[in-house]
Amino acid sequence: MKPKYFSIPYVGWMAIFVVAPIILVFIYAFTTPTGALTLRNFSDMGLFMPVFIRSFRLAFISTIVCILLGYPVAYILARENQRVQRVLFLLIMLPLWMNFLLRTYAWMSILENTGLLNQLLTALSLPPVRIINTEAAVVIGMVYNFLPFMILPIYSVIVKIDRNLLEAAQDLGANSLSVFRRLIIPLSIPGILSGVTMVFVPAVSAFVITQLLGGGMVFLLGDLIEMQFLGTAHNPHVGSAISIVMMLVVIAFVIIMNKFGAGEERTVGL
Amino acid sequence: MPKELIRLSNCAMAFDGEDVLKNINLYFNDKEFLTLLGPSGCGKTTTLRIIGGFLKPISGDVYFDGVRINDVPPHKRAVNTIFQKYALFPHLNVFENIAFGLKLQRQNGKKLSKTEISSRVFEMLDIVSLKGFEKRDVTSLSGGQQQRVAIARALVNRPKVLLLDEPLGALDMRLRKDMQIELKRIQQTTGITFIYVTHDQEEALAMSDTIVVMESGEIQQIGTPEEIYNEPKNAFVADFIGESNILDGVMHSDGLVEIFGRKFKCLDGGFKPMELVDVVIRPEDIDIVDVSQGMLKGTVTGITFRGVLYDIIVDFHGFKWLIQTTDLCPVGSKIGIKIDPDGIHIMHKSQFSGMFGDYSSFSDEYDEISDVAYEFEPEEAEGNYEA
Ligand SMILES: Nc1ncnc2c1ncn2[C@@H]1O[C@H](COP(=O)(O)OP(=O)(O)OP(=O)(O)O)[C@@H](O)[C@H]1O
Ligand SMILES: [Mg+2]
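Cut-off values and rules
Residues numbered from 1 in each chain as written. Chains lettered and ligands numbered in written order. Predicted model: local features only at pLDDT ≥ 70, side-chain atom pairs only at ≥ 80, totals over all residues. Near = placed C-beta within 6 Å. Helix = DSSP H or I, 4+ residues; strand = E, 2+ residues; numbered from the N terminus. Expected span 1.5 Å × (residues − 1). Bend = angle between axes of the 7 residues up to and from the residue. Buried ≥ 20, exposed ≤ 12 C-beta atoms within 10 Å, placed from the backbone. Contact = placed C-beta atoms within 7 Å. Axes fitted to C-alpha atoms, helices over the stretch in contact; angles between N-to-C directions. Parallel < 35°, antiparallel > 145°, perpendicular 65-115°, else oblique. Left-handed = near helix turned anticlockwise from the far one by under 90°. Nonpolar A, V, L, I, M, F, W, Y, C, P; charged D, E, K, R; others polar. Pairing = 2+ DSSP bridges.

Asker: Give a description of the site of ligand 1 that names residues and reports values.
Answerer: Residues in close proximity to ligand 1 include Phe-15, Asp-16, Val-20, Gly-38, Ser-40, Gly-41, Cys-42, Gly-43, Lys-44, Thr-45, Thr-46 and His-199 of chain B, which together make up its full environment. Tallying contributions element by element places helix 1 (residues 44-52) of chain B first for the shell around ligand 1, with 3 residues.

Asker: Report on helix 2 (residues 49-79) of chain A, specifying residues and quantitative values.
Answerer: Residues and elements named next belong to chain A. Between its terminal C-alpha atoms helix 2 stretches 45 Å, which fits the 45 Å expected from 31 residues at 1.5 Å a residue. In the structure, helix 2 departs most strongly from a straight axis at Gly-70, where the bend amounts to approximately 30 degrees and where the proline Pro-72 lies between one and four residues downstream. What helix 2 keeps buried is the set Ser-55, Leu-58, Ala-59, Ser-62, Thr-63, Cys-66, Gly-70, Tyr-71, Ala-74 and Leu-77. Buried residues along helix 2 sit against helix 3 (82-93), helix 6 (135-159), helix 8 (176-204) and helix 10 (221-229).

Asker: Account for the packing of helix 2 of chain A against helix 6 of chain A, naming residues and giving values.
Answerer: All names here are of chain A. Helix 6 packs onto helix 2 with a crossing angle of 40 degrees between their chain directions and a minimal axis gap of 6 Å. With respect to their mutual orientation, helix 2 and helix 6 come out oblique. Of the two elements, helix 2 crosses helix 6, and the hand of that crossing is right-handed.

Asker: So, the packing of helix 2 of chain A against helix 8 of chain A: which residues are in play, and what are the values?
Answerer: Residues and elements named next belong to chain A. Between helix 2 and helix 8, whose axes approach to 9 Å, the crossing angle comes to 145 degrees. Viewed along their axes, helix 2 and helix 8 form a crossing whose handedness is right-handed. Contact residues: helix 2 offers Ser-55, Phe-56, Ala-59, Ser-62, Thr-63, Cys-66, Ile-67 and Gly-70, while helix 8 offers Ile-192, Gly-195, Val-196, Val-199, Phe-200, Ala-203 and Val-204. Grouping the constituent residues of the contact of helix 2 with helix 8 by class yields 10 nonpolar, 5 polar and no charged.

Asker: Describe the pairing of strand 4 (residues 59-64) of chain B, listing the residues and the values that go with them.
Answerer: On a regular strand, each side chain points to the face opposite its neighbour's, so the side chains alternate between the two faces of the sheet. Residue and element names in this part refer to chain B. Alignment of strand 1 (residues 4-15) against strand 4, held across 5 bridges, turns out to be antiparallel. Across the sheet, the residue bridging to Leu-8 is Val-62, located in strand 4. Bridging between strand 4 and strand 5 (residues 67-68) involves 2 bridges; their strand directions are antiparallel. Opposite Phe-64, over in strand 5, you have Val-67 as the bridge partner. Where strand 4 folds back on strand 5, the antiparallel hairpin that results is connected by 2 residues, among which Asp-65 adopts a positive phi of roughly 55 degrees.

Following this line, the structure appears as structure tokens:
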């Protein structure tokens, strides 16, 4: 049997569930409710500028936090022996098997004004903090939900680094710190880049987290789009237009970052 | 008197309870080209890794310049390595690879200046004939070029000792020969001690000042190339270095050995009377003579043209010898042989006795030929060739 027959269901699936919605979004974005072609849906985009900026800013912060937390975890993970690796993997993946809403609700009860965190602080006779319904809470939620997608690609790159290279570097006089700085970090840049893509893109369009942890105070692009499709504003044409603009910005961001990253990778040793 | 630089003293190594090195005692002199020679898996790389600091021996000590260095990490040892797989840094170009060690060096707590680094890298590029390659990606280089980058990357640090783990293993014959000469030249001009690992005996003979023959984690013999070749200590060394016929013999007295029931004159002595010994006769030390004048008589069962010489396989009483000769002796012909006393070398019996030296299964080609029915003819003339 030719292997290409196996791909027919997959191609069909892609056509129906990936390509078709995108085409629909495009049609909506350039038409009026009566079906006439128009560019009007894009004309109010300036109005949404603050939402765009806030979304990208929070996604950016979440991504940076994910790198700072995820890189050491991935690095430690990659250096453990097989059995320890399997256990740690399980721990990292475990939250992903729980429903997304449940996970986020759990964070709600931790961060609430009378939640676990503040109970703990009070018990330690420290002043309570007000986190729930702030941008910080949203960032915490995003980091928690997207961290595994940063850890996994970095881990898989570090684990593949040839041990001989590490020994060669030591042999040439590099102590552990130099080996890390001059070898492991530059060699793991491809992993960081795919991690960034996998965290940043969903973070930009996140919406449930913002409602549960931001309490409607932190209004992001995802909320805006949802509102246009399902919520009170109900204008799927404008919603589609916003989606397209967001998609273009994200694509531009990813392309620029990969270009920058590829250059970085070459010169980082200097 | 050469100065001793590195010493391994009673070093042993085991992985998962399996002995890999057994009680190694070995010293390395300054400015020496020493080769560790042995078959795959005998522990050569393991020995180098102990010297480089990547492995700690489970027992025994490592000394550098008289100082015990068991606990000194690799980056603090004045030793550089050329790894079996070159291990070039894929994210750096040729220049950056070579400069890697220099950028880490500190002189009186100060980094080397950019100009100094650059001039030393270019000097190395010149030595390994890679001028103009400095900007190239290492992954875009041929095997031979990568090899030379690896050499330059290690040498540029001016180490006291360079460890080379089968550095020419991946190269073709021609390039190998060129690089052998090149490496030997670099070693002589820089005066750096080379500890070289190979399983190629020709390479070892051609390049080394001293050869250490290893097998199953033990040193079998240490000596100059001539000593190793001319006076192998046991059947393993004799077989591993060059071609050899290894026969059972009985030592009657100093200078007199019995092989195949005949007595032969030889130059070795110091054995117990009637001691059972292994006798090595190199294929090139055997002269072919007329049947009537031969010390032994045999039948040619195989012949291979080797360029300058023929390799012929000769059957003596069912034991097949390899003889190298310029004379053409057709298969089936009867020949006599003559061996001078200095062509006969006597060794004590060892755990390797009886394992090597019979050419019955020299190659498939020879196997086929030796399948041809062969009539055993008792030899008429008896008597001893002591003349
Ligand atoms: N890290 C390790 N763990 C377990 N066994 C090992 C390890 N390193 C080496 N060995 C074993 O030790 C023995 C000697 O290995 P070593 O690499 O020193 O051989 P070698 O002489 O360099 O061989 P080659 O010519 O094939 O490179 C082999 O049997 C090998 O399988
Ligand atoms: Mg080896």
